[in-house]
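Breakdown of the fold
What follows is the residue order along each chain.
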Amino acid sequence: MRRFISTLVLSILFFNLSAQEVLVDKWLVAGKIAVLEPALSKIQNVKGDTFNAVELLKQPILNFQSVLPKANQELLGTGLVWKEQAVDADSSLHLYFASGTNSVGLIASYIQSEGFWKGSVCIESLLPFEAFIGDIKVASRYSGLEKAEEVTKDLSLNAANHKLLIKVFIPDTLSKEARLKVYLKPSTGFLASSISSSVNPRQTKTLKHLLEGTKLAGASISATGEMALITISEVDTKTEKSSYQRRIIQLDNNKILATYRNSEVSQLKWMPKGNKISYLYSGSVWVYNFDTGTELEMVKGLNDIASYTWSPTEQLVFYYVDEKPEEQKGDMRRILSMEDRQSGWRNRQFLYTADIKTGIHQRLTWGNQSTLLHDISADGTKILFSTSYEDYSERPYTRQNLYQLNLNTRQLDTIWTDKLFSLSTTYSPNGKQLLAIGSPLAFGNIGVNVSDERIPNGFDSQAYLFDIESGSIDAITHDFNPAIQDAHWSKLSGAIYFNTVDEDRNSLYEYNFKNKRFTKLNLSEEVMQSIDFAHEKPMAVYTGSGSNSWPKAYLLNLKTKASVLVDNTDAVNYTEVQFGDTKDWSFTSSQGQSVTACYYLPPNFDSTKKYPMIVYYYGGTSPVGRDFGGRYPMQYYAANGFVVLVLQPSGAIGFGQDFSAAHVNAWGKITADEIIEGTQKFCSENSFVDNKKVGCMGASYGGFMTMYLLTQTDVFAAAISHAGISSISSYWGEGFWGYSYSAEASANSFPWNNRELYIDQSPLFSVDKVVTPLLLLHGSDDTNVPVGESIQMFTALKLLGKPVELIQIDGADHHIHKYTQRVEWTNTILAYFTKYLKTDDNWWKEFYPDSNY
């Protein structure tokens, strides 16, 4: 091998030489890892080349993706320890690598960028090298030189603490000191003071943390309460597809008992008894018994089923078969109903059973409407199922029939027919009552609790007890403010456990029949995302998160009410992440309404400074929850230097029926005033907010609110609407669910009988009042709120000469799911607010440079 020159000079510079250089003066050095040449290295390959030792630098010797170098910590399992080392008086890092074998040396530091920052990376080295910012290779050269030459590459950084990792190839002939020198230098228009370097791995929340790495996706518990099924997901950033790992754990020691990956099996479910898991594989239902260690094929011939459910006695499997219509011939298609525009509406699903002992399959339901299984009685002899159909004569334009079928005699009893406001139902433990969950109007006015002849909000779900024999009804949540999501009626304690929307949190309540009281259980997270109950012991597992707490899974003892952590998969993504504080706030509006809110502060918040602020809201029928992730990550916005105020204006469920009823036939009337008033009060009470640099943002109904707000006020410096509604009538008629959502939001109001609502409350008809710069974001394939809602707002503002931008996300529906689009869409939001609230348009121009069309 040719002897390499012994001195290594590695220098990272940035392109604009007139700007000030920033020296990286502290480093973490892990030493070197020996790399050996492969066998047969002297033989020529198909290209006629023999092996070059520098190829050893290219090989992936370690997975550095999750590595955050930290002083005095070991590098994975190598035995190497990161040691802090400062540059010498000559601004260089002097290194000595002992000779012996070919090796790769590892050196790291961190570059902190306060915001979007751009420059060029220039690397000067006598030895081969690779340099990475985060997981991206920014520069490399694989040949040694007699004289150092520069390698220059462009570099762009978002706001974050970026890991800088340098791999250098150390030949076995190197015997003297090596030297490393690194500079940072911004491009024109960017400041050297906006970046700094250190050896501190402390991070703030980024999209990488939020979207990449392993994520907790679900949890369920065995009947005995002794085991749990934990589902983990991870997205492949290259293919943009998610993979899933499902593992069975022993809850008393967290020991992994089994693992299932991707689609080798599907529809894993705990059996109603014991520690048995069932799953679909190759058209059969299989059961694995963890107590006996046996696996059995229980049911065959289920190749075309949509889903399956076990009888509580484990004697029957219930499953759906999807029946599809004949394929359409020609290009002309008659639309039979509003729902017929939706894919799959003409498909029908019917119930079947398979007997475990005999293997006999039987069809349970027939007809022209799909049947929906609600519940199976505890003794396995009866089922509840429903059918529904459209009825356009009265809102909400569907009616429900509920039936009870005796599986032994096939006797069919009708529980109710033609019911407006459909309900979900489950049996009581003794099978004599039903627990029904649905609209306040589901049983006339029994569940209604509003004042001043208001129309109740049908999305504010209530719970009822329905006596099967007498038909009597008890509206048990009549005076209970949280909205009901779902419930579990325990056969062990007799109590009902309600999963609720509780203001801006999701809470678990226990309903006691003796005193008819609801008791809130003190869980470990602000937002309970899911819960599953054991059948044989008073135990449950739940998943949850909070404003500053990533998703986790817990075991809940329903007797002691104690929670124990059982899965913390996401923790690896947030090892060194620092979050800003989240604080509660509220105000009383000029109309006397108490409005709650919370606000997120940037990490390292300084109350003596002035910060730009983003005001976020939905304004529709749901509150904005405090969950950790979501499509609008408040902590990520805060990490980019914004205060984020999240308001819960009138109309949202979870605050009581009177509060949610304000949503009906309002379309911004009350909500806009509260958002404007709340923003102004918050600014006046908190001097750290720059009240001249306040932006607002909402999506869907919240996008409508953004458009409407701009017709009412000039308090905001910039605004963003994602998938917003500009004309209530066009959304009502064109959106897949426009008319059915309006059945609640615009109860009994139509374009022909309430022009004041459909015209005066539509932003499009007052667009001439808008003075605030507006960014419109919309998926091109949005079926919920068609993209035309943003297009017509864009057209109007353009004709009026108002500042407006329209960004269309190609192929996206109402929500942005694809990884690459999610990253670009989220950063577009921040780039726009950075432009107007921080008076810095560099990031925006990077995405959308000026053109001359």
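Residues numbered from 1 in each chain as written. Predicted model: local features only at pLDDT ≥ 70, side-chain atom pairs only at ≥ 80, totals over all residues. Heavy atoms only, no water.

For the rest of this paragraph, the subject is the nonpolar core. Judged by nonpolar contacts, the single largest core of 78 residues is most densely connected at W27, Y632, M634, Y637, M697, I829 and F833. Here the element with the most residues in this core is helix α11 (residues 819-837); it accounts for eight residues. Setting aside anything within four residues of it in sequence, one finds F833 in contact with I614, F642, G695, C696, M697, A718, A719, I720 and K838. With 48 residues, the next largest nonpolar core counts A597, I675, M705 and A719 among its residues. (Core = buried A, V, L, I, M, F, W, Y, C linked by side-chain atoms within 4.5 Å. Buried < 20%, exposed > 50% of the residue type's maximum accessible area, 1.4 Å probe, protein only. Helix = DSSP H or I, 4+ residues; strand = E, 2+ residues; numbered from the N terminus. Contact = heavy atoms within 4.5 Å.)

Bringing helix α5 (residues 669-685) into the picture now. In this model α5 runs 25 Å from its N-terminal to its C-terminal C-alpha over 17 residues, within 8% of the 24 Å that 1.5 Å per residue would give. Regarding α5, the residues found buried are T671, A672, E674, I675, I676, E677, G678, T679, F682 and C683. Contact partners of the buried residues in α5: β42 (582-588), β43 (594-600), β44 (611-616), β45 (643-648), β46 (689-699) and α6 (701-710). (Expected span 1.5 Å × (residues − 1).)

Our next topic: the sheet that holds strand β31 (residues 433-438). The antiparallel open sheet is built from four strands, whose spatial order is β30-β31-β32-β33. Of all the strands in the sheet, just β30 (424-427) and β33 (473-475) have a single pairing partner and so form its edges. Recorded for the sheet is a direction-independent mean angle of 25° between the axes of neighbouring strands. Taken together, the four bridges between β30 and β31 define a ladder with antiparallel strand orientation. (Pairing = 2+ DSSP bridges. Axes fitted to C-alpha atoms, helices over the stretch in contact; angles between N-to-C directions.)

The pairing of strands in a sheet comes from backbone hydrogen bonds and takes either a parallel or an antiparallel form. Taken in spatial order, the eight strands line up as β42-β43-β45-β44-β46-β47-β48-β49 in an open sheet, and their pairing is mixed. Only two strands of the sheet have a single neighbouring strand rather than two, namely β42 and β49 (804-809). Averaged over all pairs of adjacent strands, the angle between strand axes in this sheet comes to 20°, irrespective of strand direction. Where strand β47 (residues 718-722) lies against strand β48 (residues 774-779), four bridges are found, and the strand directions are parallel. Opposite S721, over in β48, you have L776 as the bridge partner. Of the strands in this sheet, β46, β47 and β48 touch α6, which is tilted by about 135° from β46. Along the sheet, α11 makes contact with β44, β46, β47, β48 and β49, crossing β47 at roughly 160°.

Cis peptide bonds are those with omega within 30 degrees of zero, and the linkage from R395 to P396 qualifies with 5°. A positive phi angle, near 60°, is found at N254, a position not held by glycine. Assignment of secondary structure puts N254 in the loop between β16 (241-250) and β17 (255-261). When its relative accessible area of 37% is taken as the criterion, N254 is described as partly exposed. Backbone geometry at Y397 places phi at a positive 75°, although glycine is not the residue there. One can find Y397 in the loop between β27 (382-390) and β28 (398-406). Look at Y397 and you get buried, because its relative accessible area is 8%.

Glancing now at the packing of aromatic side chains. Evaluated as defined, the whole model comprises 53 aromatic pairs. Between Y288 and F290, the aromatic rings sit 4.8 Å apart at their centres with planes inclined by 75°, giving edge-to-face as the arrangement. Among the residues examined, Y288 registers a relative accessible area of 24% and is labelled partly exposed. For F290, a relative accessible area of 16% gives the class buried. Between the aromatic rings of Y511 and F513, the centroid separation amounts to 5.1 Å while the plane-to-plane angle is 80°, which identifies the pairing as edge-to-face. Classification of Y511 by relative accessible area gives buried; the value is 3%. Overall, F513 belongs to the partly exposed group, its relative accessible area being 32%. In this structure an aromatic cluster arises from ring pairing among F116, F190, Y832, Y836, W843, W844, F847 and Y848. Directly above the aromatic system of F350 lies the positively charged group of R363, at a separation of 4.6 Å from the ring centroid. Over the ring of W550 we find K552, and its NZ or CZ is 4.7 Å from the ring centre. (Phe/Tyr/Trp six-rings, centres within 6.5 Å; stacked < 30°, edge-to-face > 60°. Lys NZ or Arg CZ within 6 Å of the ring centre and 35° of its normal.)

A few words now on the side chain of T706. By secondary structure assignment, the location of T706 is in helix α6. Residue contacts for T706: discarding those within four places in its chain leaves Y617, C696, M697, G698, A719, I720, S721 and L774.

Each α-helix turn comprises 3.6 residues. Residues three or four places apart therefore point the same way. When you tally the buried positions in helix α8 (residues 738-745), you get seven out of eight residues, the bulk of the element. Considered for burial, the residues of α8 that qualify are G738, Y739, Y741, S742, A743, E744 and A745. Contacts from the buried residues of α8 go to α6 and α7 (728-734).

Looking now at the environment of N754. Position of N754 relative to the elements: it lies in the loop between α8 and α9 (755-760). Remark: the alpha-carbon pair of N754 and L435, spanning 319 residues in sequence, is separated by 37 Å.

We now examine the pairing of strand β26 (residues 372-376). The two faces of the sheet receive side chains in turn, since in a regular strand these alternate between them. Note that β26 and β27 share four bridges and pair antiparallel. Looking at the pairing, D375 lines up with L384 of β27. The antiparallel hairpin formed by β26 and β27 contains five residues in its connecting segment, where G380 sits at a positive phi of about 75°.

Let us now look at the environment of T795. Along the chain, the position of T795 falls in helix α10 (residues 788-799). By relative accessible area, which is 39% here, T795 ends up partly exposed.

Under the criterion given, the structure shown has 29 salt bridges. Each of D504, R505, E526, D584 and R626 takes part in one network of salt bridges that share partners. (Salt bridge = Lys/Arg side-chain N within 4 Å of Asp/Glu carboxyl O.)

Here the focus is the packing of α5 against α6. The geometry of a pair of packed helices is captured by two quantities: the angle between their axes and the separation between those axes. As a packed pair, α5 and α6 sit with axes 10 Å apart at the nearest point and diverge in direction by 75°. It follows that α5 is roughly perpendicular to α6 by the angle criterion. Packed against α5, whose contacting residues are K669, T671, A672, I675 and I676, the element α6 presents M705, Y708 and L709 at the interface. For the contact of α5 with α6, the class distribution of residues is six nonpolar, one polar and one charged. (Parallel < 35°, antiparallel > 145°, perpendicular 65-115°, else oblique. Nonpolar A, V, L, I, M, F, W, Y, C, P; charged D, E, K, R; others polar.)

The buried fraction of β48 amounts to six of the six residues, a majority that puts the element mostly inside the structure. Taking every second residue as pointing to the same face, both faces of β48 are buried, with L774, L776 and H778 on one and L775, L777 and G779 on the other.

All chains considered together, the criterion is met by zero disulfides. As a non-bridged cysteine, C598 has C683 as the owner of its nearest cysteine sulfur, 16 Å distant. For C683, which is in no disulfide, the shortest distance to another cysteine sulfur is to C696 and amounts to 12 Å. (Disulfide = S-S within 2.5 Å.)

A separate point is the side chain of S113. Of note, S113 is situated in strand β6 (residues 103-113). A relative accessible area of 1% means that S113 is categorised as buried. Looking at S113, its side chain comes within polar contact range of the main-chain oxygen of G115, at 2.4 Å. Look past the residues within four positions of S113 in its chain and what remains in contact with it is L157, N158, A159, A160, H162, S194 and I195. (Polar contact = N/O pair within 3.5 Å; in protein donor to acceptor, adjacent residues only side chain to side chain.)

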